Amino acid sequence: MPGPGRNRGAAVATGEWILFMDADARPSSDEWLEDCLRELEQQQLDIATCDLKPRSHTLMNRVYHHVYKFFTRATAPFVPHAPGSCIFVKREAFEVSKGFDETVIFAEDMEFVQRLAKHGYCFGVLDAGPVLVSVRRLEKDGHWTTAYRYVITELYMRCKGPVRKPLFDYKFSHFWIRRKNSYVTTYPARRAELMETGRNKNTVALSWCKGIAIRKGDQILRIEIRVRIWVDHCNHVVMIVFAVSGILLSLMHLRVRH
């Protein structure tokens, strides 16, 4: 998992500054690291991040990252956000904070920077240049599903604190983070209005969802209904509502603080 891995890496680092990056993240120029270190010293920061730029030219990916950039910079003064793709932190601050909380299973990078900010360390978003990031996970999991996860996580962290229990099913590398008894339901075959669909003979359509047929020979014993995250069925409307709510909450918080 990311938290323990980053802590192990920091344990063998020797410099004054520690930089955490994802394996598929890349600097945007040869001078990027030098420019970042210069800006860190000029702004007297203790922890910082950079803008993210997708290694993709599709409109959806570019808009997605522009929205994230706006959100990160708008909330930086009061609720820092720094993705694991780029986190600069002073060694002293890292050691005092005892690093990443290894009990946090999702958004451990956000929890880390927000915890340091609460302890008085100075956070900022650098202008030295973006980090080039892969869109592999976005395209694999889906833009709306990924946005849904971030919005739910953000609201959970604001209301309850760090995410130490699964809020949704999520695959990281070859690890699965699953909700206990999440959304697998058994449906008796005799009550199902069945219609075999597609090439997969085990995929059946009910009147209101799809399920997996558990068979014994040609006889269907039961149907396991794996209800997808509900945003997959009405993602556009729901995401607009959540996004507008999140932006309004952020702006109200910013107004109150000022």
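Our structure's up above, just so we're on the same page.
Residues numbered from 1 in each chain as written. Predicted model: local features only at pLDDT ≥ 70, side-chain atom pairs only at ≥ 80, totals over all residues. Heavy atoms only, no water.

### Considerations on helix α2 (residues 32-43)
Alright, step 1. An ideal rise of 1.5 Å per residue puts 16 Å on 12 residues; α2 measures up with 16 Å between its terminal C-alpha atoms.
Alright, step 2. Restricting attention to buried positions, one finds in α2 the residues Trp32, Cys36, Glu39 and Leu40. Down the axis, α2 shows its buried residues gathered within 105° of arc, on one side only.
Alright, step 3. Here the buried face of α2 lies against β1 (17-20), β2 (26-27), β3 (47-54), β4 (87-90) and β5 (123-133).
Alright, step 4. Phi for Gln44, located one or two positions after α2, is positive at around 55°. (Helix = DSSP H or I, 4+ residues; strand = E, 2+ residues; numbered from the N terminus. Expected span 1.5 Å × (residues − 1). Buried < 20%, exposed > 50% of the residue type's maximum accessible area, 1.4 Å probe, protein only. Arc of directions from axis to C-beta. Contact = heavy atoms within 4.5 Å.)

### Some details on the packing of helix α3 (residues 59-75) against helix α7 (residues 143-159)
Alright, step 1. Contact geometry for α3 and α7: axes closest at 12 Å, N-to-C directions at 15°. Between α3 and α7, the angle falls in the class roughly parallel. Taken as a pair, α3 and α7 cross one another with a handedness that is right-handed. In contact with Met60, Asn61, Tyr64 and Phe71 of α3, α7 contributes His143, Trp144, Thr146, Ala147, Tyr150 and Glu154.
Alright, step 2. Broken down by class, the residue content of the contact of α3 with α7 amounts to six nonpolar, three polar and one charged. (Axes fitted to C-alpha atoms, helices over the stretch in contact; angles between N-to-C directions. Parallel < 35°, antiparallel > 145°, perpendicular 65-115°, else oblique. Left-handed = near helix turned anticlockwise from the far one by under 90°. Nonpolar A, V, L, I, M, F, W, Y, C, P; charged D, E, K, R; others polar.)

### Structural notes on the environment of Met60
Alright, step 1. Mapped onto the secondary structure, Met60 falls in helix α3.
Alright, step 2. Residues Met60 and His143 lie 83 residues apart in sequence; the distance between their C-alpha atoms is 8.4 Å.
Alright, step 3. For Met60, the residues in contact, after removing those within four places along its chain, are His143 and Trp144.

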